[in-house]
Amino acid sequence: MIKKGSWVQIKKIILNPEQRANNLPEATKKVPLLLWVKGTLLSDSEMNDMVEIKTVTGRIESGELIDVNPSYLHNYGKYMPEIQEIDRIVKSTLFGGDYYE
Amino acid sequence: MNNSYESVMARKNEIMRKSVGIDFSNYEKDYLAFDYEGLLSEGNFTLEEIKEIQNNNGVGNTPLKECKNITNLVRKVAKPGYGARIFIKDEALNDSGSFKARRASVSCHQAKKLGFKGVIAATSGNYGAAVASQAAKYGLKCIIVQECYDSKGVGQPEIIEKARACEAYGAEVVQLSVGPELFYKFLLLLEETGYFNASLYTPYGIMGIETLGQELVLDSIRLTGKTPDVVVCTNAGGGNLTGTARGIKKTTDKNVEIVGASVNLYGLHMADDEDFNKKSFTTGHTGFGLPFIMNPDRSDVPRSAARPLRYIDRYVTVTQGEVFFMTEALSVLEGIERGPAGNTSLAAAFSIAKDMREDQIIIVQETEYTSAGKHHQAQLAFARDNGICIYFGDPKDEIPGKSIVLPKSVDLIKAVDIDLDVIRKKYLQNQFYKSKKLSKYDIEFLSLETNTSIEYVINESKKYNIELEDIR
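About the thresholds
- Residues numbered from 1 in each chain as written.
- Chains lettered and ligands numbered in written order.
- Predicted model: local features only at pLDDT ≥ 70, side-chain atom pairs only at ≥ 80, totals over all residues.
- Helix = DSSP H or I, 4+ residues; strand = E, 2+ residues; numbered from the N terminus.
- Rg over C-alpha atoms; globule rule 2.2 N^0.38 Å.
- Contact = placed C-beta atoms within 7 Å.
- Domains from an automatic or database assignment.
- Nonpolar A, V, L, I, M, F, W, Y, C, P; charged D, E, K, R; others polar.
- Buried ≥ 20, exposed ≤ 12 C-beta atoms within 10 Å, placed from the backbone.
- Pairing = 2+ DSSP bridges.
- Right-handed = clockwise from strand over helix to strand, strands pointing away.
- Core = buried A, V, L, I, M, F, W, Y, C linked by C-beta atoms within 7 Å.
- Axes fitted to C-alpha atoms, helices over the stretch in contact; angles between N-to-C directions.

Peer 1: Could you give an account of the overall build of chain B, naming the residues involved and the relevant values?
Peer 2: When you go through chain B residue by residue, the secondary structure sums to 18 helices and 17 strands. Against the 2.2 N^0.38 benchmark of 23 Å for 472 residues, chain B shows a C-alpha radius of gyration of 21 Å, consistent with a compact globule. Taking the principal axes of its C-alpha atoms as reference, chain B extends roughly 60 × 55 × 45 Å. For chain B, long-range pairs separated by at least 24 residues make up 76% of all intrachain contacts whose partners lie at least 6 apart in sequence.

Peer 1: I'd like to hear about the domain arrangement of chain B, residue by residue, with values.
Peer 2: All names here are of chain B. Per the domain assignment, the segments of chain B are domain 1 (59–96 + 204–418) and domain 2 (420–468). Using C-alpha coordinates to define each centre, domain 1 is positioned 30 Å away from domain 2. Tallied by class, residues from the side of domain 1 that touches domain 2 come to 6 nonpolar, 1 polar and 2 charged.

Peer 1: Pulling in residues and values, what's your account of the pairing of strand 5 (residues 118–122) of chain B?
Peer 2: Residues and elements named next belong to chain B. Extensive coverage of strand 5 is indicated by the burial of 5 of its 5 residues. What you see with strand 5 is no split at all: Gly 118, Ile 120 and Ala 122 on one side and Val 119 and Ala 121 on the other are buried throughout. Pairing of strand 5 with strand 6 (residues 141–149) involves 5 bridges; the strand directions are parallel. When the sheet's bridge partners are listed, Ile 120 is paired in strand 6 with Ile 143. Traced from strand 5 through helix 7 (residues 127–138) to strand 6, the parallel crossover comes out right-handed.

Peer 1: Could you give an account of the nonpolar core, with specific residues and numbers?
Peer 2: Soluble globular proteins: nonpolar side chains tend toward being buried together. All names here are of chain B. In this structure, Val 119, Val 131, Val 232 and Ile 362 are the most contacted members of the largest nonpolar core, which totals 158 residues. Two domains each put at least three residues into this core: domain 1 (59–96 + 204–418) and domain 2 (420–468). Excluding anything up to four places from it in sequence, Val 119 contacts Ser 107, Cys 108, Ala 111, Val 131, Ala 135, Leu 140, Cys 142, Tyr 195, Phe 196 and Ala 198.

Peer 1: Lay out the environment of Met326(B) in plain terms, naming residues and giving numbers.
Peer 2: All names here are of chain B. For Met 326, the position within the fold is in helix 13 (residues 320–334). Look at Met 326 and you get buried, because 31 C-beta atoms sit within 10 Å. Residues Met 326 and Val 410 lie 84 residues apart in sequence; the distance between their C-alpha atoms is 9.6 Å. Filtering out sequence-adjacent residues up to four positions away, Met 326 remains in contact with Asn 343, Leu 346, Ala 347 and Phe 350.

Peer 1: Give a description of the sheet that holds strand 4 (residues 85–89) of chain B that names residues and reports values.
Peer 2: Residue and element names in this part refer to chain B. Across the sheet, 7 strands lie side by side as 3-4-12-9-10-11-15; this open sheet has mixed pairing. At either margin of the open sheet sits one strand with a lone partner, and together these are strand 3 (64–66) and strand 15 (416–418). Between one strand axis and the next, the sheet turns through 30° on average, direction left out of account. Across 3 bridges, strand 3 lies against strand 4 in antiparallel orientation. Within strand 4, the residue paired with Leu 64 across the bridge is Lys 89.

Okay, structure coming up:
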């Protein structure tokens, strides 16, 4: 069980495909418009329940409970060796081809 | 109240009027014109007052830095005697990490003065953190509405980082999947909360950047004894270029060439759920730059104060590969590690400087902070994960959404000119669709809008059978 007062993230559909704007590209037209927002859980719930939360501005939003203590896990990605090659190009152009020797 | 898409969009003007504290209809003139300078004097701020607001809130007076090694790198591939001195205005050092703090500072000041409890901005860019940071200083509540994920919930790394930054400054972040209906949710939130619309496109969003234009002229004189010859501005919605150019013109009578630069994302549809994660730049690109310069009044306010066509002297595109390359060069040659999107104008400046004399000055007017996600390493890795082919070659072979071509040698970095005459004609065409009849004031307005002449506008109007009033 996820306790009332927990810091959570919810997800909801705000426009179904048929409610969306006209003139959208095909790939967008066929999917719903989704919303994600974080806040404090207003009642004891289980994951994937439809719940209500209070956001940091005090708004009440409802949607599917998808995460508890949602974390920032974005990073710098897998290392790109191309970066070493850029360094070689600019340094050898500026300082001469023997810079790395 | 009916909250269907159509009903909310129909209430747009009413919601807008309440949320910006500006009655735009006061400035409307004749058939399609409006009083631009009148709108820009909304709030009666002087440049001095804006500077004071900014200085008191962690904004402005960023250093102008000479990129000596990058300048020398240009000279390695320029003709003898060519290769202008390249300077960057290190805007990453504003509170919240970008020049957008300048734009947010005036909006948040105004929101507080008018008694609003909070501010809302629709932005996936650095502007979100800027509004959140300034709102924190004034004790205003803050909601940032972002287009962040595709329909599968996969987010653009740099936008995910921007969401984290907004939350770090205490804002609520409402994240949406791809689609222009973001504006619908934005309107609903304005209606629900009664907060101030801290739009990028109000007069406040533009006035705040005029200080940047002024500073870079004064910095240049202090460091080199001269006004800059060229200033390069990354161009998306047009506010950056507009505000910078206005600030420059308020500070010096000398001719300073204003260059706009956008990342070329030709072929990628901005509202396409599948194209969304095939791009490596979410701002500063042609997907915003071109539609907004040709039709500025497509923003989230009835009249946009960002009107780049009035000020732009030259408009160039650079490739994603060129910008990533220059971002790494800035880091490894100058010891300044910054985010890639802010370096769009640096890549353009590198190319333009090649054709300028050694004694000339070119200024790149912004940098942005870098972090996890918001880094060329992260964006390149994300591109490779999304099946984008990354290789060294000639950047002109890059196909947005399919490849990123890193220049295999420095001389291959070449900004490509967009024909401004074509842009001007498209802008006028958009205007002529709005009214078949024009007054003398309208014609003058259009000549100012396009930075052309009365004759130029009249000649174009003939192609569309426009009836001209009061004009012999």
